[in-house]
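# Structure at a glance
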Amino acid sequence: MAKSARQSSGTPATIHDQKLERGNGGELHQIAEGDTPVLTTAQGVPVADDQNTLKIGERGPSLIEDFHFREKIFHFDHERIPERVVHARGYGAHGYFETYESLAKYTRADIFQRAGEKTPAFVRFSTVAGSEGSADLARDVRGFAVKLYTKEGNWDIVGNNIPVFFIQDAIKFPDIIHSVKPEPDRGFPQAASAHDTFWDFISLTPESMHMIMWVMSDRAIPRSFRFMEGFGVHTFRFLNAKDESTFVKFHWKPKLGLQSVVWNEALKINGADPDFHRRDLWDAIQSGNFPEWELRVQLFDQDFADSFDFDVLDPTKLIPEEVIAPIALGRLVLDRMPDNLFAETEQVAFMTQNVPPGVDFSNDPLLQGRNFSYLDTQIKRLGSTNFTHLPINAPKCPFHHFQQDGHMAMRNPVGRVNYQPNSFGEGPRESAQRGFRSFPEAMDGQKVRLRAASFADHYSQARQFFNSQTAPEQKHIGMALTFELSKVETSVIRERMISHLLNIDEGLAETVADKLGIKELPKPADAAVAPRDDLEPSPALSILANGPDSFAGRKVGVLVSPGADASLLKKLRTAIEKEGATVEVIAPKVGGVEAADGTMIAAKHMIDGGPSVLFDAVALVLSEEGAERLAGEAAARDFVADAFAHCKFIAFTPGAAPLLRKAGVDPKADEGLIGLGDAKAIAGFIESCRKLRLWSRETAVKL
Ligand code: HEM
């Protein structure tokens, strides 16, 4: 007799906790029973067997008649779409923007009219250079793209975590990006700027020097998306109901303050957890600790623009917050992860030209070019002009237009009439009153390819940025430049960079040159405009000068051993959680350890998988015997040595001494090592942790 459609023998089988059916060839089948839905094809046809293709006989050739196989494999073959040409690696979340009070005086943007108004939002954070699968802790700019689904259309603030950019004119964008991406002949390095082509381009592009100071600072290695600022970069305009214009720059300020990691730590995080930033955002939102930013704006008029030291249309310049204090407009809260990464985070399409009535552009030539580029890139990447039909991109307000058809059209105009004007009274019409209006700026001039002379000062703000950093931050900039340029093989490129640094800070240039073994300093680069040294430092530009002075949102890694003091651990955990921080336990075995009092201490990580680079501070809750054993374990020694080298606060029980010793850490080395004798010591540990790092240690560890 012929065998039935599904070739299962129907013999029951059990694998640990699973009851399955065994097929003819021993393969296992899970069968739909009870409320379990029946597997279907994409056409809705129920599937009998998803383990075997249709064949002639059990050992015969496969049949093209097998529509289920064909549909499944063809769909799989088409799963990938092109990754973003830049900002390919990213992670997004949903949330809302809440307006503090009406800003009608400056803008008619609907989102700013009513205090307490909540507007749905989607945010995607990203790195720029790396491909989709690259590691999170690359030294790179972070994208900070916000989509606000306002009642008068989607508004995208497509910004970065750095308020200036590498280039002044969009026509140079393909060049800067080509230079930083893997070199085309060899296909490496991935997600790294430390190579010849990038520094070649930069060294021949003086306008990028201000941005280079930022990218070599700790801003480019943030500890978390939650602890970084966002900036709209360009000067935009607000237009009020009378079409009066005010210039505006957008800043997102994180509620939990700024924090970055150190470079040696970043390198290790990339190995230990390449998804470090993703996981951090996921964990925070899933545990109800919703990250929050305040939207602040710098507002100024044409008179200020005319009198400011630099051209407000130049995206390589900023306006110090001490010169124009940002005012707070509202808060952005991220409270929900996407249901599906591809449908939402991958398919979200940001475009700088998405602005609602009441917001308008300036003539910044980078912004003008971006407004042109983003629609094109979305059509290419998402494959159809109908990408606006995807739920993540569709407005959440009513919308009506006559665009129709094309690939994957999901909504078309309804009825007979798909044009206007028409005689049938059907369909939408324009509104001079409610519609988007551009600022009627008077324009007159020759058609030229010309960079404005007012853009020519390339060094003064780079110098101001460097002078605004604290000593450890200045040191980090020097170390970053040294690292990056040490990977450059062409010596003239290194020397060219030193000649630029001489226009920014002589000490910095000398330090980097010394580390690179350049004995004779080159001449300073010819500057189009002499660098100024009269710009006041701007404390707002420093991360460390603006510390949160709170440990909320941070994470302590507690290393435990068998025989550890469970009640001390409990007190420590309570104190840390009261501060708004979290605890993760690391143990020799992932199953945890038996404490001195016989209770079990559960662990999240085993020692090899939970290095201290994943935590903001660490505690060693060890019995002496446990510490002796761990001292023989390289991962445990690294745990301690790295925490020390990365200037972290380290709390330890008296039993931890053998491990500290073997890790080369003197328990009395500095005030960042805190003995856990009693509850008071725990309070002291938490208080120290609020400073995040003991930077004074850095000179001792010579990082
Ligand atoms: C101030 C300068 C710039 C900033 C702040 C910026 C920011 C961003 C951000 C945040 C993204 C990622 C959006 C996402 O998460 O989906 C992005 C993507 C992109 N940017 Fe820019 N960008 C800048 C300059 C430019 C310029 C000058 C161009 C071209 C003329 C450009 C072209 C692109 C393209 C093609 C994408 C990929 C878009 C996609 O496929 O989704 N960007 N940019």
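Residues numbered from 1 in each chain as written. Predicted model: local features only at pLDDT ≥ 70, side-chain atom pairs only at ≥ 80, totals over all residues. Heavy atoms only, no water.

The name given to the protein in an unreviewed UniProt entry is Catalase, and the organism recorded there is Aminobacter aganoensis. As stated in UniProt under Function (unreviewed entry), the record for the protein gives "Decomposes hydrogen peroxide into water and oxygen; serves to protect cells from the toxic effects of hydrogen peroxide." (UniProt positions renumbered as here; feature names shortened; annotations may be inferred.)

Moving on, we get to the site of the ligand. Neighbouring the ligand are 23 residues, the closest being Arg-84, Arg-124, Arg-370, Tyr-374 and Arg-381. In the model, an oxygen atom of the ligand is placed 2.7 Å from a nitrogen or oxygen of the Arg-84 side chain. Taken atom by atom, the bulk of the ligand overlaps the second largest pocket. It is helix H9 (residues 365-382) that provides the largest number of residues to the shell around the ligand, a total of seven residues. Residues that form the shell around the ligand fall into these classes: eleven nonpolar, eight polar and four charged. (Near = heavy atom within 4 Å. Polar contact = N/O pair within 3.5 Å; in protein donor to acceptor, adjacent residues only side chain to side chain. 1 Å grid on protein atoms, 1.4 Å probe; cavity = no way out; pocket = protein on both sides within 12 Å on 5 of 7 lines; lining within 4 Å. Sits in = over half its atoms within 2 Å of the grid points. Helix = DSSP H or I, 4+ residues; strand = E, 2+ residues; numbered from the N terminus. Nonpolar A, V, L, I, M, F, W, Y, C, P; charged D, E, K, R; others polar.)

The next point concerns the sheet that holds strand S20 (residues 650-652). Two modes of strand pairing occur in sheets, parallel and antiparallel, and in both the strands are linked by backbone hydrogen bonds. If you walk across this open sheet you meet the six strands as S18-S15-S14-S19-S20-S21, and the pairing is parallel. The open sheet has two edge strands, strand S18 (605-606) and strand S21 (673-675), and neither has a second partner. Bridging between strand S15 (residues 582-587) and S18 involves two bridges; their strand directions are parallel. Across the sheet, the residue bridging to Ile-586 is His-605, located in S18. Docked against the sheet, helix H16 (residues 634-645) engages strand S14 (555-560), S15, strand S19 (617-621), S20 and S21, running at close to 140° with respect to S19. (Pairing = 2+ DSSP bridges. Contact = heavy atoms within 4.5 Å. Axes fitted to C-alpha atoms, helices over the stretch in contact; angles between N-to-C directions.)

With that out of the way, let us pick up a nonpolar patch on the surface. Together, Phe-69, Ile-73 and Phe-74 give the surface a local cluster of nonpolar side chains, amounting to about 270 Å² of exposed area. Mapping Phe-69 onto the fold places it in helix H1 (residues 67-77). (Patch = residues over 30% accessible without salt bridge, like charges linked within 9 Å, V, L, I, M, F, W, Y side chains within 5 Å. Areas by Shrake-Rupley, 256 points an atom, 1.4 Å probe, with all protein chains shown as cover. Salt bridge = Lys/Arg side-chain N within 4 Å of Asp/Glu carboxyl O.)

Reported here for the largest pocket is a volume of approximately 1,400 Å³. Forming the walls of the largest pocket are 40 residues, and the residues nearest its centre are Gly-153, Pro-395, Phe-399, His-400 and His-401. When residues of the lining of the largest pocket are traced back to their parent elements, those giving at least two are strand S7 (153-160) and H9. Tallied by class, residues from the lining of the largest pocket come to 16 nonpolar, 16 polar and eight charged. The space that makes up the second largest pocket amounts to roughly 930 Å³. (Points joined across faces, edges and corners; volume = space filled by probe spheres on them.)

The subject of this paragraph is the nonpolar core. Counting residues in hydrophobic clusters, the biggest one holds 49 residues, and the most contacted among them are Phe-166, Trp-199, Ile-202, Ile-212, Met-213, Leu-481 and Leu-501. Of all the elements in the fold, those that place two or more residues in this core are helix H2 (173-180), helix H3 (196-203), helix H4 (209-215), helix H10 (460-467), helix H11 (471-486), helix H12 (491-501) and helix H13 (506-515). Of all the elements, H4 adds the most residues to this core, at six residues. With residues near it in sequence (within four places) discarded, Leu-481 still touches Trp-199, Ile-212, Met-213, Met-216, Leu-501, Leu-508 and Val-512. By size, the runner-up hydrophobic cluster in this structure holds 36 residues, among which are Phe-144, Leu-281, Ile-285 and Phe-361. (Core = buried A, V, L, I, M, F, W, Y, C linked by side-chain atoms within 4.5 Å. Buried < 20%, exposed > 50% of the residue type's maximum accessible area, 1.4 Å probe, protein only.)

On to the coordination of the iron atom of the ligand, then. When a metal carries six donors in an octahedron, the ideal angles between them are 90 or 180 degrees, while four donors in a tetrahedron ideally lie at 109.5 degrees. Protein coordination of the iron atom of the ligand rests on one atom only, Tyr-374 (OH), at 1.9 Å. Inspection of the secondary structure assignment puts Tyr-374 in helix H9. (Donors = N, O, S within 2.8 Å, 3.2 Å for Na, K, Ca; no water.)

Most of S7 sits inside the fold, with eight of its eight residues counted as buried. Linking two consecutive strands that pair antiparallel, namely strand S6 (residues 142-150) and S7, is a turn of two residues.

The residues that UniProt annotates with the feature "binding site: heme" (unreviewed entry) are Arg-84, Arg-124, Phe-173, Arg-370, Tyr-374 and Arg-381. The subset of these annotated residues that lines the second largest pocket comprises Arg-84, Arg-124, Phe-173, Arg-370, Tyr-374 and Arg-381. Tracing the chain through its elements places Arg-124 in strand S5 (residues 118-127). Here Phe-173 shows up in helix H2. Contacts of Phe-173, omitting those with residues within four sequence positions, involve Val-86, Phe-165 and Ile-167.

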